[in-house]
Amino acid sequence: MSGRGRSVSRGHAVAAVPAAAIVWTLLALLLTGVLADLALGGLVAIGIIAAVSCVLLLLPSPATRGSGLGAIVTMIPCAIGLALSSGLTRRV
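Residues numbered from 1 in each chain as written. Predicted model: local features only at pLDDT ≥ 70, side-chain atom pairs only at ≥ 80, totals over all residues. Heavy atoms only, no water.

A look at the overall build of the protein
At step 1: Looking only at helices and strands, the protein features three helices and zero strands.
At step 2: In sequence order, the protein lays out its α and β elements as α-α-α.
At step 3: Per-residue burial for the protein yields a buried fraction of 27% across its 92 residues.
At step 4: Of the accessible surface of the protein, which amounts to about 6,000 Å², a share of 76% is contributed by carbon and sulfur atoms. (Helix = DSSP H or I, 4+ residues; strand = E, 2+ residues; numbered from the N terminus. Buried < 20%, exposed > 50% of the residue type's maximum accessible area, 1.4 Å probe, protein only. Areas by Shrake-Rupley, 256 points an atom, 1.4 Å probe, with all protein chains shown as cover.)

Shown next, in the form of structure tokens:
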């Protein structure tokens, strides 16, 4: 079996990074308004985007796999930033 079926579009992965960051920010703000907690809203937004990204990784198209991979890579710094900001605000 050749590796051709498992390829990932690097262009789509790169394009998905800023798109996922913008979607995460907007979704976190929306959920913060609904849940009245920034940390919880951000955490739920990360979970939603990670779940959608995992589904994209399972699809056969290299473009969708690239988009899913780019979105997952984006959620790592978002989660780290959320953890750091939550820890800083609770200490004060």
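This is not the end of the story, as more comes after the structure.
Examining helix α1 (residues 10-35)
At step 1: Compared with an ideal rise of 1.5 Å per residue, which puts 26 residues at 38 Å, α1 spans 36 Å between its outermost C-alpha atoms and is within 8% of the ideal.
At step 2: The sharpest bend along α1 comes to roughly 30 degrees, located at A16, with the proline P18 sitting one to four residues further on.
At step 3: Restricting attention to buried positions, one finds in α1 the residues A13, A16, A20, W24, A28, L31 and T32.
At step 4: Phi turns positive one or two residues past the end of α1, at A36, with a value near 60 degrees. (Expected span 1.5 Å × (residues − 1). Bend = angle between axes of the 7 residues up to and from the residue.)

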